[in-house]
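Below are the chains, spelled out letter by letter.
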Amino acid sequence: MNEKRNRKAIVIPDFLTVRELADLMEASPIQVIKELMNNGILANINQQIDYETAAIVAEEMGFETRPEAPPAIVEEIPMIPQPLKERMYEGEAPEDLEPRPPVVTILGHVDHGKTTLLDVIRHTNVVAGEAGGITQHIGAYQVEHDGKKITFLDTPGHEAFTAMRARGAQGADIAILVVAADDGVMPQTQEAIDHARAARVPIVVALNKIDKANANPERVKQQLADVGLQIEEWGGQTICVPVSAKQKIGMDDLLDNILAVAELAELKANPHRSAMGTVIEGELDKSRGPTATLLVQNGTLRLGDALLIEDISGRIKAMFNERGERVREATPSTPVVVLGLSDIPHPGDSFQVVEDERIARAMAARRADEKERMAIQPTRVLSLEGILDQIRAGQVKELNLILKADVRGTIEPIVNSLQKLGDKDLKVNILHQGTGNIGESDVMLAVASRAIVIGFNVTVDPAASRTAEAEGVDIRLYDIIYKLIDDVEKALKGLLEPVYKEVVSGHAEVRAIFNIPRVGKIAGVYVTDGHITRNSLARIRRNDQLIYEGRVSSLKRFTEDVKEIREGFECGLGLEGFRDFEEGHIIEFYHKERELG
């Protein structure tokens, strides 16, 4: 008894790592791992364990344990935040805002030199002049030009850029569009332009490969004008810089122009507040546990800060710059790698510094529960049927569409017809148009821009179909132009009805009939294929004549109510409003799904 009274008391949170438990007890992590092994648990130093497991180990090692008190209720940060750019400066006093470096992403067609351009800038203009001193790739880095910093996102390609926007993040301030002078504007170039426009970021054209013998800059400038990018020397607003990444020509000119665009944009942030920003990369380091590359977009991130990243929490135990050097803080537009998270975050996730780690853990747990509920009930981002409600609520002023058709000649009449629809309160905005099947890039642009995908005489790629289903994107397929135009017009007027298709889930044979007091007749059935679920729709035919169509009212296996019965099993079945069962009846079960088009 005296021995227990003299034990040192420690407070243990709901979850902690083996290392954290060892630190609490001022013991060696090896001792803790051995004690866990004695209790049949194999764990490494960075593995998380729950309170019950930690308490057993601590008590075996001579400590008295108490659970951590629940944190005070704090105002919840939204589960799916509005884009960071929109909420970045909410409530900020103008006098607290200070200039920050621009964040730049590089887009363009494959093989036009995006990666080469990034590599040249990275190795010749590293901050502090330490070219060649980079020890790790962290997905973003800073260069210094004329005494000013520029942050580059080392994730070339509009898919990565759009995926970040789809997750609620606005990662870049400026888009560099790389176009090869010998190849010109290609389909992916057009896609990249549309994705940058949808994100409403200024575009600077890097006209690459000007050193090649077959380079034709004037032809490319005409092609850019044809797709709506009028360059400055032709009287437009778009800056065009001739470069050769391979020969390292025009690099200083490109950086000069990036700084000029940034200066016009008057990019500012408040370095005096708690940090918020975006995850660039996340990975599991075998020796250091979960790591994340974070881009600070407002505030200053400091060593020891408590972090909330979607449903992940943690406390910053170490922070590194792109050269692998330890740093104690990161100001706006600075990328850093951090250690101390409970799990690996996804690129594009938003992060927020909160008051302390207990609050971060509690909020992360609530978000995890919310995610589970959302996974059970997926919601559609924006459907043609949902337009009217959104107009009435004042949430939508334009109907964003992504249009894919089989041939270029079909696109023009469709676009012309669509652009005539609507009025001053709601107009059609075609974010992207192109030929070919609907791909994953189209769906991700739809997610990021709350758009609807329209296809004419095309199909949907399997990967795109899966993504659309997971993200709740409305895809409509047509083979008659007037039907396409008519549906969009009806949507704008709020007259369009949803279209459903029937999906058969299974069949069952009636093998016995039972008369239950106060219930009536139920059928004993054998499931011949598929499955039956409670509340399934059902139909019975006799001699090819439909004699019943309704819904399953009860489903029992022995005396227990069940939700589902699969092929090869027997069960008791009741149907709403039907008692005229006969042995040998075949019952078909089905449900209705929204048509993609």
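Peer 1: Run through the packing of aromatic side chains, naming residues and quoting values.
Peer 2: In this structure the tally under the stated criterion is three aromatic pairs. A centroid spacing of 4.9 Å and a plane angle of 40° characterise the contact between Y548 and F578, whose relative ring orientation is tilted. Residue Y548 is located in strand β28 (residues 545-557), and its partner F578 is located in the loop between β31 (570-575) and β32 (586-594); the two are separated by 30 residues in the primary sequence. Exposure class is identical for Y548 and F578. Each is buried. Each ring, one from F578 and one from F581, has its centre 5.2 Å from the other, and the planes form 90°; the classification is edge-to-face. The burial state of F578 is the same as that of F581; both residues are buried. Put simply, the rings of Y548, F578 and F581 pair up and form one aromatic cluster. Looking at R288, its charged tip hangs above the ring of F320, at a distance of 5.0 Å from the centre.

Peer 1: Let's hear about the pairing of strand β27 (residues 537-542): which residues, and what values?
Peer 2: When β27 meets β28, the two strands line up antiparallel, connected through six bridges. Residue I540 lies in a different strand from β28, and its bridge partner there is Y548.

Peer 1: Explain the sheet that holds strand β17 (residues 312-320) residue by residue, including any values.
Peer 2: The strand order around the closed barrel formed by six strands is β13-β14-β19-β17-β16-β20, and the pairing between neighbours is antiparallel. Neighbour-to-neighbour, the strand axes of the sheet open up by a mean angle of 45°, direction not taken into account. The pairing of strand β13 (residues 276-285) with strand β14 (residues 289-298) spans nine bridges and is antiparallel. Its bridge partner lying in β14, E281 is registered against T293.

Peer 1: Please set out the packing of helix α14 (residues 440-449) against helix α15 (residues 462-471) residue by residue, giving values where relevant.
Peer 2: Between α14 and α15, the least distance of the axes is 8 Å, while the angle of their chain directions is 20°. As judged from the angle between their axes, α14 and α15 are roughly parallel. For the pair α14 and α15, the crossing hand works out as right-handed. On the side of α14, the interface is formed by E440, V443, M444 and V447, while α15 contributes A463, A464, T467, A468 and E471. When its residues are assigned to classes, the contact of α14 with α15 shows six nonpolar, one polar and two charged.

Cut-offs applied
- Position numbers for residues count from 1 along each chain, tracking the sequence in the order it is written.
- Only residues with pLDDT of 70 or above have their local features reported here, since the model is predicted, and side-chain atom pairs are shown and tallied only from 80 upward, although totals for entire chains, interfaces and linings are computed over all residues.
- Hydrogens are left out, water is left out, and the side-chain values use all remaining heavy atoms of the structure.
- Working definition: rings of Phe, Tyr and Trp (its six-membered ring) pair if their centres are within 6.5 Å, and the pair is stacked with planes under 30 degrees apart, edge-to-face with planes over 60 apart, and tilted otherwise.
- Numbering of helices and strands runs from the N terminus, with a helix taken as a DSSP run of H or I at least four residues long and a strand as a DSSP run of E at least two residues long.
- Exposure is judged per residue with a 1.4 Å probe applied to protein chains only, and the accessible area is read against the type maximum: over 50% gives exposed, under 20% gives buried, and values in between give partly exposed.
- A ring is considered to have a charge above it if a Lys NZ or an Arg CZ atom is located within 6 Å of its centre and within 35 degrees of its normal.
- Here, a strand pair is defined by DSSP locating no fewer than two bridges between the strands.
- In this description, a line fitted to the C-alpha atoms serves as the axis of each element, helices being fitted only across the stretch in contact, and the angle between N-to-C directions of two axes falls anywhere from 0 to 180 degrees.
- Relative orientations are named as follows: roughly parallel for angles under 35 degrees, roughly antiparallel for angles over 145 degrees, roughly perpendicular for angles from 65 to 115 degrees, and oblique for any other angle.
- When the near helix sits turned anticlockwise from the far one by under a right angle, the crossing is termed left-handed; a clockwise turn instead gives a right-handed crossing.
- What makes two residues a contact is simply this: any of their non-hydrogen atoms within 4.5 Å.
- Charged residues are taken to be Asp, Glu, Lys and Arg, nonpolar residues to be Ala, Val, Leu, Ile, Met, Phe, Trp, Tyr, Cys and Pro, and polar residues to be all remaining types, Gly included.

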